[in-house]
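# Structure assessment
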Amino acid sequence: MTRLYRLRRALLSAGGRSVIDSGKCGNDAYWNLYDDGTLEITGSGATNNYRENAHPWYGYRDLITSLVVGDGITKLGDNCFTKCAKIVSASWPNSITSFGTRVFKGCSSLDVTELPENLAGELEMEVFRDCASLALTSLPSSLTSIAANAFYSCRGLTTMTFGENLATIGNTAFSNCSLQIVKFNSTPTTIGTNAFASMVNNSHIYVPWAEGEVAGAKWGAPSSCTVHYNTTYDANGNPITEV
């Protein structure tokens, strides 16, 4: 253990809780695991990418119940928290602009309602796969793409609203969820195969485009799901559909 890490531990332990372990997780990013179950990521820039199940706190995964990401971190790298199934809460700054592949895969207890508002570009493959407790109802408007299996088997999802810049949704991106209502605010160029398979019966998808305008959209939704075309929304976000 370097002198710097010993000093960080001493300073952080003075706050009334003890550091179990700590280290470096990026060029300018650091991690501290406290005895109250909090994993803290601080510093600046991106964290490292890791192989699946090989992040530095993997051996402590059953102890971690809370994730706190400090301001200045811009990306959480590939596989950062895979199978940290005991994480319930996560707080993150708006300095985060991207998540890596499978970053929260298997975090089955993770219960968050919002993502960083400056998250942009593509939400990568399997980023929240098997996060059964996830409680999101919308995604940041700056996202343009949702990769394959991004929310596969997130059974806590019941309602989802997409922003005005969304252009593509990958195969089975929301398959095996419990979606009842899906609302689009853009006209994507691609909706992948079975993107919404396993929506609940008598569910509803509201879209602003005319029927047939998104060629080859393969929803995968049950036959009882109604797709409402030419939808607009009132000031409260409630859909207004053509009769």
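Check the entry above for the structure.
Attention here is on the structure that accompanies the text. Computed from a predicted model, the values in this text were never measured in an experiment.

## Considering the packing of aromatic side chains
- Evaluated as defined, the whole model comprises 20 aromatic pairs.
- Here Phe174 and Phe196 contribute two aromatic rings whose centre-to-centre distance is 5.5 Å and whose plane-to-plane angle is 5°, an arrangement assigned as stacked. Highlighted residues: Phe174 in the loop between strand E12 (168-169) and strand E13 (181-183) and Phe196 in the loop between strand E14 (190-191) and strand E15 (204-206), separated in sequence by 22 residues. With respect to burial, Phe174 and Phe196 carry one shared label: buried.
- Ring centres of Phe196 and Trp219 lie 5.8 Å apart, and the angle between their planes is 40°; this geometry places the pair in the tilted category.

## Section: the state of the cysteines
- For the structure shown, the criterion picks out 0 disulfides.
- Left without a disulfide partner, Cys25 is nearest to the cysteine sulfur of Cys80, which lies 6.8 Å away.

## Thoughts on unusual backbone geometry
- Even without a glycine there, the phi angle at Asn149 is positive, about 60°.
- The residue Asn149 is located in the loop between strand E10 (143-146) and strand E11 (159-161) in this model.
- For Asn149, a relative accessible area of 16% corresponds to the buried category.
- For Asn194, which is not a glycine, the phi torsion comes out positive at approximately 55°.
- Within the secondary structure, Asn194 sits in the loop between E14 and E15.

Conventions used here
Residues numbered from 1 in each chain as written. Predicted model: local features only at pLDDT ≥ 70, side-chain atom pairs only at ≥ 80, totals over all residues. Heavy atoms only, no water. Phe/Tyr/Trp six-rings, centres within 6.5 Å; stacked < 30°, edge-to-face > 60°. Helix = DSSP H or I, 4+ residues; strand = E, 2+ residues; numbered from the N terminus. Buried < 20%, exposed > 50% of the residue type's maximum accessible area, 1.4 Å probe, protein only. Disulfide = S-S within 2.5 Å.

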